[in-house]
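An overview of the molecular structure
The primary structure of each chain is shown beneath.
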Amino acid sequence: MIQVNITKSDNQITAVLHDKIGKDIVCAGVSALFYALVLGINKIAPKTAIVSDTTITISNITNETKGAMTAIFEGLKAIEHDYPECLKITFTAPCPFSA
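Here we summarise the structure given alongside this text. All of these numbers come straight from a predicted model, not from anything done at the bench.

Quick look at the overall build of the chain now. Across its full length, the chain carries two helices and five strands. In sequence order, the secondary structure elements of the chain are arranged as β-β-α-β-β-α-β. Excluding contacts between residues fewer than 6 apart, the proportion of contacts in the chain whose partners are at least 24 apart in sequence is 59%. With the model as given, the accessible surface of the chain reaches about 5900 Å², and the carbon-plus-sulfur share is 58%.

Have a look at this one:
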């Protein structure tokens, strides 16, 4: 199972991934979405998304970066819905990307 824990504080989002044995296709999908998130955010606002081991931190959130994060997290929620035994997403507060 892949666990994604998302916390929001001030103007910063942190996603911590905990990977345990799961389906390869799910792991590949989650990895691709997070890879696209980091590349996309850093294209919009350089050095805003920082990767450290299994943690991604996005700071100085703007409407543009929030839009990119919303798209990626909708994809993650779809994967979680289809493969609940392989992916679990938790938020420390209400989802920061909801309308």
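Picking up after the structure, the text goes on.
This part takes up the nonpolar core. Residues Val4, Val30 and Phe34 are the most contacted members of the largest nonpolar core, which totals 25 residues. Mapped onto this core, the elements with two or more residues apiece are strand E1 (2-9), strand E2 (12-19), helix H1 (24-44), strand E4 (55-59), helix H2 (63-82) and strand E5 (87-91). For Val30, the contacting residues outside a window of four places in its chain are Ile2, Leu17, Leu76, Ile79 and Leu87.

The next subject is the environment of Tyr83. As for its placement among the helices and strands, Tyr83 is situated in the loop between H2 and E5. Tyr83 gets classed as partly exposed once you look at its relative accessible area, which sits at 28%. When the C-alpha atoms of Tyr83 and Met1 are compared, they prove to be 9.6 Å apart, with 82 residues separating the residues in sequence.

About the thresholds
Residues numbered from 1 in each chain as written. Predicted model: local features only at pLDDT ≥ 70, side-chain atom pairs only at ≥ 80, totals over all residues. Heavy atoms only, no water. Helix = DSSP H or I, 4+ residues; strand = E, 2+ residues; numbered from the N terminus. Contact = heavy atoms within 4.5 Å. Areas by Shrake-Rupley, 256 points an atom, 1.4 Å probe, with all protein chains shown as cover. Core = buried A, V, L, I, M, F, W, Y, C linked by side-chain atoms within 4.5 Å. Buried < 20%, exposed > 50% of the residue type's maximum accessible area, 1.4 Å probe, protein only.

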